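The lines below spell out each chain.
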Amino acid sequence: RAYAPLRSPPNDGEAAPTIYDRLGFSEDAVAKGLDAGQVLEHLGTRDDLVAKFLKDNKKFDQAKAEEEVDKFMMDREMVEKYIAWEIKKKAPDFQRNARDEAFSDPSVIGLYAAWLVGGAGLAYFKNVIAAPKFASGEWEPLHIPVPSWLPGQQPREAMEAVTSLGDAFHHHVGAGHFLG
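Going along each chain's sequence as written, the residues are numbered from 1 onward. Only residues with pLDDT of at least 70 get local features here, since the model is predicted, and only at 80 or more are side-chain atom pairs given and counted; chain-wide, interface and lining totals rely on the full set of residues. Side-chain descriptors were evaluated using all non-hydrogen atoms of the structure, hydrogens and water having been removed beforehand.

Student: Mind laying out the packing of aromatic side chains, listing which residues take part and the relevant values?
Tutor: Pairing of aromatic side chains requires ring centres within 6.5 Å, counting the rings of Phe and Tyr and the six-membered ring of Trp. Pairs whose planes differ by under 30 degrees are stacked, by over 60 edge-to-face, and all others tilted. If you walk through the whole model with that rule in mind, you get 4 aromatic pairs. Taken together, the aromatic side chains of Phe53, Phe72 and Tyr82 make up a single cluster linked through ring pairs.

Here it is as structure tokens:
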């Protein structure tokens, strides 16, 4: 691992920039216990992080991205997880391993198969079996009577009036009586 030293040796009487100067954050703006060298090595500078936040969050403007980066750097656990993710992504066979890991689990393959078979089966039933039978009149729509004593039910007379009004409107519109 190549870590930047916390302080570089001075040259010609000038104080060399600290790791925090190179990182773009003051020491107080970084979570306590966070290794600034690892942040710089794996995540880059503050400007790099702001650019990543802007790229990943299209709705952010520059000020919002800077504000979120500043909050992010105060969350040690999240920064360390992000560093671990970046290290993992750099592994030469990361993508192949991730793909193999997902598809080596039989339950994942079974779930995909169930969704495909279920979706195709429902589409087949709806389009090939049910639709022609409803269209020919061989099957009629199913009407399930709902007891009026269930909470939220309207009195039967009101429901029948609404239904008959709707049927009348549908009949007239369907016949073209309301069209000009």
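Student: Report on helix H3 (residues 46–56), specifying residues and quantitative values.
Tutor: Burial classification: accessible surface area is computed with a 1.4 Å probe over protein chains only, and a residue below 20% of its type maximum counts as buried, one above 50% as exposed, and the rest as partly exposed. A helix here means a DSSP run of H or I that spans at least four residues, while a strand means a run of E at least two residues long, and both kinds are numbered starting from the N terminus. Among the residues of H3, those classed as buried are Arg46, Leu49, Val50 and Phe53. Within H3, the buried residues cover an arc of 100° as seen down the axis, which keeps them to one side. Of the exposed residues in H3, those oriented more than 90 degrees away from the buried face are Asp47 and Lys55. What the arc covers is the set of directions going from the helix axis to the C-beta atoms.

Student: So what's going on with helix H7 (residues 106–136)? Which residues, and what values?
Tutor: Expected helix span is computed as 1.5 Å times (number of residues minus one). For H7, spanning 31 residues, the distance from its first C-alpha to its last is 44 Å, which sits close to the expected 45 Å at 1.5 Å a residue. In the structure, H7 departs most strongly from a straight axis at Ala130, where the bend amounts to approximately 40° and where the proline Pro132 lies between one and four residues downstream. Positive phi appears at Gly137, one or two residues downstream of H7, with a value of about 90°. Bend, in this description, refers to the angle at a residue between axes fitted to the seven residues ending there and the seven starting there.

Student: Go over a nonpolar patch on the surface with me, naming the residues and quoting the values.
Tutor: Together, Tyr124, Phe125, Val128, Ile129, Phe134 and Trp139 make up an exposed nonpolar region whose accessible area comes to about 560 Å². One can find Trp139 in the loop between H7 and helix H8 (156–175). Like charges within 9 Å and nonpolar side chains (Val, Leu, Ile, Met, Phe, Trp, Tyr) within 5 Å are joined into patches, using only residues over 30% in relative accessible area that form no salt bridge. Areas reported as accessible are Shrake-Rupley estimates using a 1.4 Å probe. Residue values count occlusion only from the protein chains shown. Should a side-chain nitrogen of Lys or Arg be within 4 Å of a carboxyl oxygen of Asp or Glu, the pair is scored as a salt bridge.

Student: Let's hear about the pattern of salt bridges: which residues, and what values?
Tutor: One pass over the full model with this rule turns up 8 salt bridges. A salt bridge links Glu67 to Lys71, with the shortest nitrogen-to-oxygen separation between them at 3.6 Å. Within this pair, Glu67 and its partner Lys71 are both found in helix H4 (residues 62–73), separated by 4 residues, close to a single helical turn. Residue classification places Glu67 among the partly exposed residues on the basis of a relative accessible area of 39%. Glu138 is paired through a salt bridge with Lys133; the nearest N and O atoms lie 3.3 Å apart. In this structure Lys133 comes out as partly exposed when scored by relative accessible area, which is 25%.

Student: Provide a residue-level description of the confidence of the model for the protein, including the pertinent values.
Tutor: Scored between 0 and 100, pLDDT is the confidence that the predictor attaches to each residue. Per-residue confidence for the protein gives a mean pLDDT of 80, with 76% of residues at or over 70. Considering only residues more than four positions removed or in separate chains, one finds that residues 1–6, a stretch of pLDDT under 50, has 12 contacts. Residue contacts follow a heavy-atom distance rule, with two residues in contact if any of their heavy atoms lie within 4.5 Å.

Student: Account for the nonpolar core, naming residues and giving values.
Tutor: Only buried residues count toward a nonpolar core, which is a set of Ala, Val, Leu, Ile, Met, Phe, Trp, Tyr and Cys residues joined through side-chain atoms within 4.5 Å. Judged by nonpolar contacts, the single largest core of 19 residues is most densely connected at Val39, Met73 and Val79. If you list the elements that add at least two residues to this core, you get helix H1 (19–23), helix H2 (36–42), H3, H4 and helix H5 (76–89). The greatest single-element share of this core, amounting to 4 residues, is contributed by H4. In contact with Met73, not counting residues within four places along its chain, are Phe25, Ala29, Val30, Ala31, Leu34, Val39, Leu49 and Val79.

Student: I'd love a proper account of the packing of H3 against H4, names of residues and values included.
Tutor: Between the N-to-C directions of two axes lies an angle of 0 to 180 degrees, each axis being a line fitted to C-alpha atoms and, for a helix, fitted only over the stretch in contact. The contact between H3 and H4 brings their axes to 9 Å, and the two run at 115°. Taken as a pair, H3 and H4 cross one another with a handedness that is right-handed. Across the interface between the two elements, Arg46, Leu49, Val50, Phe53 and Leu54 of H3 pack against Gln62, Ala65, Glu66, Glu68, Val69, Asp70, Phe72 and Met73 of H4. Here the nonpolar group is Ala, Val, Leu, Ile, Met, Phe, Trp, Tyr, Cys and Pro; Asp, Glu, Lys and Arg are the charged ones; every other residue, Gly included, is treated as polar. Here the residues of the contact of H3 with H4 are counted per class, giving 8 nonpolar, 1 polar and 4 charged. In this scheme the handedness of a crossing depends on how the near helix is turned from the far one: anticlockwise by less than a right angle means left-handed, clockwise means right-handed.

Student: Describe the side chain of His42, naming the residues involved and giving the relevant values.
Tutor: If you trace the backbone, His42 turns up in helix H2. With relative accessibility at 13%, the residue His42 sits in the buried group. At 3.5 Å, the side chain of His42 and the side chain of Lys90 are in polar contact. If we skip the residues at most four places from it in the chain, His42 touches Lys52, Ile83, Glu86, Ile87 and Lys90. Here a polar contact means two N or O atoms within 3.5 Å. Within protein one must be a hydrogen donor candidate and the other an acceptor candidate, and residues neighboring in sequence count only if both atoms are side-chain atoms.

Student: With reference to specific residues and values, describe the side chain of Arg46.
Tutor: Tracing the chain through its elements places Arg46 in helix H3. Filtering out sequence-adjacent residues up to four positions away, Arg46 remains in contact with Leu23, Gly24, Phe25, Glu66, Val69 and Asp70.

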